[in-house]
Amino acid sequence: MAINQCELRPMGKSIHRKEDPRFIRGQGRYVDDIVLPDMLYMSIVRSPYAHAKITGINTDAAYQVPGVKLIITGEDLEKMKLAWIPTMAGDVQMVLATNKVLYQYQEVAAVVAETRAAAVDAAQLVEVEYEALPVVVDPFRALQPDAPVLRDDREKKSNHIWHWEAGDREKTEEIFQNAPVVVSQDVRFQRVHPSPLEPCGCIADYNKGTGRLTWYVTSQAPHAHRTVLAMVTGLPEHKIHVISPDVGGGFGNKVPVYPGYVCAIVASLKLGQPVKWIETRTENIASTGFARDYHMKAEIAADENGKVLGLRVKTIADHGAFDAAADPTKFPAGLFSIVTGSYDFQQAFVEVDGVYTNKAPGGVAYRCSFRVTEAAYLIERTMDVLARRLNMDPAELRLRNFIKKEQFPYQSPTGWTYDSGDYEQTFKLALEKIGYHELRKEQAEKRARGELMGIGISTFTEVVGAGPSHSFDIMGIKMFDSAEIRVHPTGKVIARLGVRHQGQGHETTFAQIIGEELGLSADDVLVEEGDTDTAPYGLGTYASRSTPTAGGAAALCARRIREKAKKIAAHLLEVGEEDVSWNGEAFEVKGLPSRKVTMGEVALAAYTNLPEGMEPGLEATYYYDPPNLTFPHGAYIAVVDIDTGTGAVKVRRFLAVDDCGNVINPMIVEGQVHGGLTEGFAIAFMQDIPFDEDGNCLAPNWMDYLVPTSLDSPHWETDRTVTPSPHHPIGAKGVGESPNVGSPAAFVNAVVDALSPFGVEHIDMPIFPWKVWEILRKNGVTE
Ligand code: PCD
């Protein structure tokens, strides 16, 4: 049950979200709500071709449109050395095309005008001459020696970007040579898109008088964006002020720096007026960071009893025209090597090759800690293939192979140290809660009657909280995070963090952490994020890293304040510091609990009545570099019924049991799980961004790229186990991504389970009704 924000000891309570009153009243303030004096609007001219030479650009007609102020082309940017910029993945990408375009919808020119309509009209009048070039959309074709080389800007004359591997190739090989059972499965994780409700956009406002650029941008990582901008444009970092106002969903889409941003900034620098650029839905889906697009092959070596021994994975990663993923530097394939999942493999070897094709760039971490969703889907799908081969119940197979509670901290064969977990407990709770054995009985009865019912299991391990700075950086910047807390004389607090929420509820949960540590209520703490002038430096919100990193920083920062507060309390209580203890709500004299002072009283004294010689004020900053990542886990079970006439799949039940360690706000965690499950459901059943052989994007809008409504979404059942992270200051692990990571496999496993009497072992997502219908028709179930 939800409770009031004003209670003390707010940790672990379902406090109503502090941000919701403004969101549900339409009073959130997003980038496009901001209107500045003399503001201009920008629209982008995009390529209709997926691969073509540009032989000429004529802007004369466009300049005739009343109100047009400026048209920028690649040539203009070349003069400023801004035609290409570095991507976060260590590649470079075009801002505006110079000699050629490499994907449909690529940015070719930017038009700035006094009104949005004038900018759009003029953009349509920019005449670009193209000479079509051969298009490569299939990454396997791209790797053939005679394939056209797409990126002629690179020294390496091939479409191969990088090779990456983890684990021990030889030792894994040995296991496979001697294993009694080997299964192998090709699995595609299709190209999808985070598709947040609010697309990308910004206002660049360069003030020629102060020499300062204020940049309002819908950003998941404002500090990192400021640093990148400073490096790219040469503007001094302190002359750039990045403000990320309310963000209408991020989901990984708002981590990269996009060409439109650079163009808006260049336009404002040239014109000295604010320039607003807001994408359309089509521009968002067709040109900004997509996710997945992995072609994977997994092989499991096992013994006859179903004990898994070795795992081998080979993957082709289609990155499109530029590798514009936002991965930490050392991890070009993200944290994909978590692919051994929740199981105790002796050896594993994983390799990934990145490839260029004529598609929009990206590979962003859409609700996943950099490629963990792909990994979890692959291992959970392949475990089911193994169960089928051994004729074993998939639940039993998992129980035989879980990493055991006593094995933590667990060293994985691909190099991770899992912090904590109790997989068996979580899984058994899920089996019991859903009534697994009764469901299997029901299924057998239905099968006998020719009805198609399926049960799908997925038990996953996530890896979140990038990251310890020894292994994690983005463009050289270490991935710690930060908090700054100021306690004011009346005991009210303003806290600022280096992350930037997009709807996750940080204004509530971080206030709960700080309130808990300082003996205040969540209502006493105002949390601010997203303004680089005021917040301490941090790497932003994605990869479920905010709780593991900034959440840790918030707790430790508050404890730093408590240390000083204790000294002031001793002074007020007229005892020595060693005689004072903290009871969770106040400082008291040891052995005399009736003599106490609250944080409010201490706060006032910090400005009015200090011990002699003490520096006034009550504030602190903490930069927290976590010792390890956190490893949340879960057990998900889906139950589906298939309509034998149409092939439509109905998700009858879905149970998610999650373990994210200690929970700050159970209601928020449940909301996070519901959201992620809905996205996982959409990926499993309705979403894909396909291309035709000319490189035309076939789903660049919400008519073709489907987004589920509440009517489409199943009813979600949730539960929880709690295995605290031993190294996190409050024992919490991230959770935001888990439901998207864990759920696709549960849905697909359920459908394959329902169709297994026909010998079906795998179906690639999205499972559209026609795919099922074809299987039914082939097997004579329907006509
Ligand atoms: N929590 C609690 N407890 C625990 C954990 C957690 O309470 N234990 C909570 C917190 O605090 C927050 C939430 O919950 O509030 C979440 O968290 P996390 O997990 O830490 O995470 P973050 O970092 O904060 O966030 C991020 C995520 C992600 S990643 C994504 S995609 C998505 C999710 O988040 N996104 C989003 N969710 C969400 N929601 C919303 N509303 N919106 C959005 O956008 Mo990526 O990588 O970016 O792709």
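In this text the structure is predicted, and so the values were computed from the model without any measurement. (Residues numbered from 1 in each chain as written. Predicted model: local features only at pLDDT ≥ 70, side-chain atom pairs only at ≥ 80, totals over all residues. Heavy atoms only, no water.)

Closest axis-to-axis distance for the helix α10 (residues 372-390)/helix α18 (residues 738-755) pair is 8 Å, and the angle between their directions is 30°. The angle between the axes of α10 and α18 places the two elements in the roughly parallel class. The crossing of α10 and α18 is right-handed. Contact residues: α10 offers V372, T373, A376, Y377, E380, R381, D384 and R388, while α18 offers N740, V741, P744, A745, V748, N749, V752 and D753. Within the contact of α10 with α18, the residues separate by chemical class into eight nonpolar, three polar and five charged. (Axes fitted to C-alpha atoms, helices over the stretch in contact; angles between N-to-C directions. Helix = DSSP H or I, 4+ residues; strand = E, 2+ residues; numbered from the N terminus. Parallel < 35°, antiparallel > 145°, perpendicular 65-115°, else oblique. Left-handed = near helix turned anticlockwise from the far one by under 90°. Contact = heavy atoms within 4.5 Å. Nonpolar A, V, L, I, M, F, W, Y, C, P; charged D, E, K, R; others polar.)

On to the packing of helix α11 (residues 394-401) against helix α12 (residues 423-434). Viewed as axis vectors pointing N to C, α11 and α12 meet at an angle of 160°, and their least axial separation amounts to 10 Å. By the angle class used here, α11 and α12 are roughly antiparallel. The two elements α11 and α12 cross, and the hand of that crossing is left-handed. Contacts between α11 and α12 involve A395, R398 and L399 from the first element and E424, F427, K428 and L431 from the second. Across the contact of α11 with α12, the residue classes tally to four nonpolar, no polar and three charged.

Below, the discussion takes up the sheet that holds strand β12 (residues 212-217). Strand order in the open sheet formed by seven strands is β3-β7-β1-β14-β11-β12-β13, and the pairing between neighbours is mixed. Of all strands in the sheet, those with a lone pairing partner are β3 (68-73) and β13 (240-243), marking the two edges. Taken pair by pair, the neighbouring strands of this sheet meet at an average axis angle of 20°, ignoring direction. Note that β12 and β13 share four bridges and pair parallel. Bridging across to β13, T214 finds its partner in H241. Packing of helix α4 (residues 116-125) onto the sheet brings it into contact with β1 (40-46), β3, β7 (107-113) and β14 (275-278), and relative to β1 it is tilted by some 25°. Helix α7 (residues 222-233) rests against β12 and β13 of the sheet, and its axis sits at about 150° to β13. (Pairing = 2+ DSSP bridges.)

Moving on, we come to the packing of aromatic side chains. Tallying each qualifying case throughout the model produces 30 aromatic pairs. Judged by centre distance (6.2 Å) and plane angle (65°), the rings of F370 and Y542 are edge-to-face. Of this pair, F370 sits in the loop between β17 (347-355) and α10 while Y542 is found in the loop between β25 (525-529) and α15 (547-573), placing the two residues 172 residues apart along the sequence. The burial state of F370 is the same as that of Y542; both residues are buried. Taken together, a centroid distance of 6.3 Å and an interplanar angle of 65° make the contact between W716 and F747 edge-to-face. Note that W716 is positioned in strand β32 (residues 716-720) and F747 in helix α18, a separation of 31 residues in sequence. Here W716 falls in the buried class, since its relative accessible area comes to 8%. According to the relative accessible area criterion, F747 is buried, its value standing at 0%. Three or more aromatic residues link up through ring pairs in this structure, and these residues are F460, Y636, F654, F681, F685, W716 and F747. Taking NZ or CZ as reference, R191 lies 3.4 Å from the ring centre of F290, over its face. (Phe/Tyr/Trp six-rings, centres within 6.5 Å; stacked < 30°, edge-to-face > 60°. Buried < 20%, exposed > 50% of the residue type's maximum accessible area, 1.4 Å probe, protein only. Lys NZ or Arg CZ within 6 Å of the ring centre and 35° of its normal.)

As a further point, take the site of the ligand. Around the ligand, the structure places 37 residues, and the nearest of them are A365, R367, H506, A543 and V735. At 2.8 Å from an oxygen atom of the ligand is found a side-chain nitrogen or oxygen belonging to Q220. Here G503 contributes a backbone N or O atom positioned 3.1 Å from a nitrogen atom of the ligand. Contributing elements (two or more residues each) for the shell around the ligand: α14 (506-518), α15 and α17 (666-685). At three residues, α17 tops the list of elements feeding residues into the shell around the ligand. Both domain 1 (20-28 + 480-624) and domain 3 (364-462 + 629-778) contribute no fewer than three residues apiece to the shell around the ligand. (Near = heavy atom within 4 Å. Polar contact = N/O pair within 3.5 Å; in protein donor to acceptor, adjacent residues only side chain to side chain. Domains from an automatic or database assignment.)

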